[in-house]
Amino acid sequence: MGSPAEHATVGGDLTPAAAPPSRAAGWAPRLAAGVRARGVVVIWLALVAFFSAWAGPAFFTLNNARLVADASATTAIFGAALGLCALAGALDLSVPGTAAVAGVVCAKLLADQVPTALAVFAAIGVGVVIGLVNAAAVELGLNPLATTIGMLTALSGIAALMSGNQPVLLSAAGNLNWLGNNHYLTIPAPVFVVAVIYVLGWLLLTKTYIGIRLLAVGGNADGARRIGVRAPAYRVLGFVLSGACAAIGGIVVAAVLSQASPTPDTNELFQALTAVALSGIALSGGRGSLPRVLFGALIIATLNSGLIIHGMAPAWATLATGILLVGALAIDQGTAKMLGFVRFRGTSSRRSG
Amino acid sequence: MLALTGIDVHFGAVRALSQVDFLLNAGEVVALVGDNGAGKSTLLSVMAGARRPTGGHISVDGTRHDFHGPRDAAAAGVQIVYQDLALVDAADIATNITLGREPRRRAPAGWLGLVDKKAMRRVAREQLAALEVSNVGAVTQPVEMLSGGQRQAVALARAAIRLGTDNARMLLLDEPTAALGYQQSRQVERFIVRTAASGVGVVIVTHDLPLCFEVANRIVVLNRGRKVADVERAAADVDHVVGWITGSREPQAGLA
Amino acid sequence: MTRMTSRSHAAAAALMLGAAAALAACSSSSTAGTTGSGTVSSTGASTQSQAAGKTIRLGFSPLSLSVPGLQSTANALKAAGQGAGMSVAVADPNFDVQTQVQQIEQWIQLKQVDAIWVIPIATAAIEPVIKQAQAAHIPILVDAVPAKAGYDGAAPGVSFQSTNFSQFGADLGSLLSKCVTARLGGSAAKVIYETDPSGQSSDADTNAALKAAVAKIPGASIVREVSVASQLAAQQSVASALQAVPGANAAISTNDESALGGMQAFQQAGKVMTKSCVIGGGTDAQALAAIKAGTIYAGVAFNFPQDVKNNVGEILAMAANPTAVGKVMTLPIDVIAPQ
């Protein structure tokens, strides 16, 4: 017990690169470890530095910081929706449909002069219900990917029916400027919404037993179930959270545009998926950090801003965005490999029948 | 304490278990042995509530129970450590050990579900120390970075927590030493003996005959889904046990 | 995969049934026969047949009903059809070429329509469909330039309506010229040009004509070109462009959403709208309101309502005489002048 021989055995069982970095050859692995742990943040800072030099003086200004924060807000909200559900083990692609329906519901209620708070809560409630329907379908055994894509189509039809397939305008009386276009302490309102969602999400996932179990179910649903955690309940929670966040996103977009469009914004979905991918949340579930999705969203918005400010023609800008995103993912993978961080599963070479 | 009577498990035409009776008493260690495909893990799953038998019934302390799922079995006092350990790889040691029984902060933060991370880490360290595991390092490491033996220790610790509390009086271990080296196997042995000594009934499914003869009070042999022997360890002969496992020896009198 | 207990199974099924019931109850107050994507439906059966004879069934296949202007056209068409002894079936191919082809082929092969009006997503893909319609003696009106569909001009039972995108672009340019005089006091126009990323051939014509027109305005230049897929993207991209070129005083868009997004970006940047030239849009309600208020200087819009009238007339004429050679028409373009 605690003998040097035992230590040697233990050390020999671990993959060599997982040994403490101070024993390793030098600063490179330590740097890689640092980058790996905070990959998205480092990449974002690198982008900021790059564009500050290359895109011109207009980039690195307070005003532009506000614009980038504002532009990343909607991506961040939808990214939170996707990320929370992914952490619980399912990919919810119906998010833009939920956003469209929630936006239309909120706008129509406001047009009927329902008090603002009530309209907003009702719309979020719609998101929760959609999440429950998604969860019910998945618990009945349907494949989550196919189910949520089907729901997306259904929801776009519902939004079209509810609105006559025309955008629902927000009037001056029933407006959402406080949510969309106003600034508080010079910070755009949507940024506050993002802050609230991410702080609550982070607290839930890291500090409560609910979050711990949600991650466990996402990581190893069968294992969690076998030790008595109610896996279905936490998967349902994942869908409910994504439905609610998607609804909030839809309401914020309606606030920003002063109208609710019934057409699901698949472009936003793609950006949100990219933000989630950049954050390292495994789409297979159970591992990853929610705050990193925020940096993923910032990366996308920073890219767009930098390329426009520099003046790159749109077609080239699209190509550059794609290349930079692949590059970011490659850096993430590269540092992972450099640390030899292969997921080490406890092996059981002999198994009984 | 735990009595299984006439357990059948059929998958279509395949008979994984046929008319198997099994008894477990408090403080007893029963080794469940047999060749591959004999049905050992299936029987364990039935005891843990993870699989419903197609025939037969289960009683705990004389009361009939119908386990609809693992939670029912846990409520009746059964804890199980699976061969694949059922750990959450991305989560750290402390989280895995306390999963399902996370210590909460005092009210009012506790009402919101906030956990006491310090307590989680302390409990984890205590459990690992009780298992004589001292070389794991920080309990904040993700379990996927641990060796097979260390992961086994974490899985055992997770079960051990519940043995002290809430009525858990039966522990099932599926191949507890399969992935372990010599030193670690001896640690697990001592854990089994200690646990039984505290009044818990332990069932171990294993290929490791020396382990059986070291710790078991009774040895039950399965062959192709049927119980072929149920002997006191003191009265058992290694060759006889091997013969029952391979089928070269006739089943005991009174058994199929 | 876990299997649910029968109790929670039942709960899940009940939830889904409840949701479906709520759906059915909520989906009221919709325009009759609005369809989701990829479906074909027959709607608005004409209650009064003309004295001349049976009801004519028209199939209308636009690019996508998600474009508010085209949704309005579909609605107007149904309304016009009711008074004219025509029932209208609307298909929504949702910008997918193959879906559009399949939907129209189904109409022809199953004889579900007596006439067709198609706004092709890809004109070349529609060519075989036009021939099928001719063979089946179903008159067809195609929104395309005849040459791109493989025809020299109109043909028996085939009419064309082309959209003069070059004119569209030139009109946008001339509005800029007017605005420079009216609002910028003749000073140099620094233009943010918002383009459509979908890359259709029409965009090339529009872009070329617009840039040629801008080049003719003394001192005018396009300082940033941004590709915007939605109103939100337009707002964010134009805001970024303004960050780069704070002195930009004009934005030109080819559709309502990007015009509104650009306008909002200008407003948020604190620009004085009466001294800015935001140009574009003019089809949907919000854009028209903005033009009236002056926050958008002016717009150029395809006059779909007039177009519908023209087309209904042409379709009835063709249906009365299916073998007669059709016409080549142009989609009316309106300049929504400043108020």
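Residues numbered from 1 in each chain as written. Chains lettered and ligands numbered in written order. Predicted model: local features only at pLDDT ≥ 70, side-chain atom pairs only at ≥ 80, totals over all residues.

### A closer look at the confidence of the model for chain A
All names here are of chain A.
Phase 1: When pLDDT is averaged across chain A, the result is 83; 84% of the residues are at 70 or more.
Phase 2: Scored below 50 in pLDDT, residues 1–25 makes 29 contacts in the model with residues more than four places away or belonging to other chains.
Phase 3: Per-residue pLDDT stays below 50 along residues 342–353; that stretch engages in 34 contacts with residues further than four places along the chain or on separate chains. (pLDDT = per-residue confidence, 0-100. Contact = placed C-beta atoms within 7 Å.)

### Things to note about the interface of chain C and chain A
Phase 1: Across the contact, 39 residues belong to chain C and 44 residues belong to chain A.
Phase 2: Elements represented by at least two residues in the side of chain C that touches chain A include exactly helix 1 (6–26), helix 2 (68–83), strand 8 (221–227), helix 7 (231–244) and helix 9 (285–293) of chain C.
Phase 3: When residues in the side of chain C that touches chain A are grouped by element, the largest group, 10 residues, is from helix 7 of chain C.
Phase 4: Here the side of chain C that touches chain A is built from residues that sort into 17 nonpolar, 20 polar and two charged. (Helix = DSSP H or I, 4+ residues; strand = E, 2+ residues; numbered from the N terminus. Nonpolar A, V, L, I, M, F, W, Y, C, P; charged D, E, K, R; others polar.)

### Some points on the packing of helix 4 (residues 62–87) of chain A against helix 14 (residues 290–310) of chain A
All names here are of chain A.
Phase 1: Between helix 4 and helix 14, the least distance of the axes is 7 Å, while the angle of their chain directions is 135°. In terms of axis orientation, helix 4 runs oblique to helix 14. Considering the relative orientation of helix 4 and helix 14, their crossing is right-handed. In contact with Asn64, Leu67, Val68, Ala71, Ser72, Thr75, Ala76, Gly79, Ala80 and Gly83 of helix 4, helix 14 contributes Leu290, Val293, Leu294, Gly296, Ala297, Leu298, Ile300, Ala301, Thr302, Asn304 and Ser305. (Axes fitted to C-alpha atoms, helices over the stretch in contact; angles between N-to-C directions. Parallel < 35°, antiparallel > 145°, perpendicular 65-115°, else oblique. Left-handed = near helix turned anticlockwise from the far one by under 90°.)

### Structural notes on the sheet that holds strand 9 (residues 218–223) of chain B
Residues and elements named next belong to chain B.
Phase 1: Spatially, the six strands line up as an open sheet ordered 6-7-8-3-9-10, and their pairing is mixed. With partners counted over all chains shown, the strands left at the sheet margins are strand 6 (78–81) and strand 10 (226–232), one partner each. Between one strand axis and the next, the sheet turns through 15° on average, direction left out of account.
Phase 2: Bridge analysis of strand 3 (residues 29–34) against strand 9 gives five bridges, and the strand direction is parallel. Along strand 9, the bridge assignment pairs valine 33 with valine 221. (Pairing = 2+ DSSP bridges.)

### A look at the confidence of the model for chain B
Phase 1: Averaged over chain B, the pLDDT score is 86; the fraction of residues at 70 or greater is 99%.
Phase 2: Among the scores for the predicted complex, ipTM is 0.84 and pTM is 0.80.

### Examining the environment of phenylalanine 78 of chain A
Residue and element names in this part refer to chain A.
Phase 1: Locating phenylalanine 78 in the fold gives a position in helix 4.
Phase 2: Overall, the presence of 33 C-beta atoms within 10 Å leaves phenylalanine 78 in the buried class.
Phase 3: Linking phenylalanine 78 and serine 163, residues 85 residues apart in sequence, is a C-alpha distance of 22 Å.
Phase 4: If near-sequence neighbours (up to four positions away) are discounted, phenylalanine 78 is found in contact with Val95, Ala246, Gly249, Glu268, Leu269 and Ala272. (Buried ≥ 20, exposed ≤ 12 C-beta atoms within 10 Å, placed from the backbone.)

### Focus: the pairing of strand 9 of chain B
Residues and elements named next belong to chain B.
Phase 1: Within strand 9, six of the six residues are buried, which leaves the element mostly enclosed by the surrounding structure.
Phase 2: Side chains of strand 9 alternate between two faces, with Arg218, Val220 and Leu222 and Ile219, Val221 and Asn223 buried alike.
Phase 3: Here strand 9 pairs with strand 10 via six bridges, running antiparallel. Of the residues in strand 10, the one forming a bridge with valine 221 is alanine 229.
Phase 4: Where strand 9 folds back onto strand 10 in an antiparallel hairpin, the turn is made up of two residues, including arginine 224, whose phi is positive at roughly 50°.

### A look at helix 3 (residues 97–109) of chain C
The periodicity of an α-helix, 3.6 residues per turn, causes residues three or four positions apart to be oriented the same way.
Residues and elements named next belong to chain C.
Phase 1: An ideal rise of 1.5 Å per residue puts 18 Å on 13 residues; helix 3 measures up with 18 Å between its terminal C-alpha atoms.
Phase 2: Within helix 3, burial applies to Gln100, Val101, Gln103, Ile104 and Trp107. Buried residues of helix 3, viewed axially, fall in a sector of 165°; they line one side. Of the exposed residues in helix 3, the ones pointing more than 90 degrees away from its buried face are Gln98 and Gln109.
Phase 3: Positive backbone phi, approximately 50°, marks lysine 111, located one or two places after helix 3. (Expected span 1.5 Å × (residues − 1). Arc of directions from axis to C-beta.)

### Some remarks on unusual backbone geometry
Residues and elements named next belong to chain C.
Phase 1: One non-glycine residue, lysine 111, lies in positive phi territory at about 50°.
Phase 2: Considering the arrangement of structural elements, one finds lysine 111 in the loop between helix 3 and strand 4 (115–118).
Phase 3: You can call lysine 111 exposed: it has 10 C-beta atoms within 10 Å.
Phase 4: The phi torsion at histidine 137 lies on the positive side, around 60°, for a residue other than glycine.

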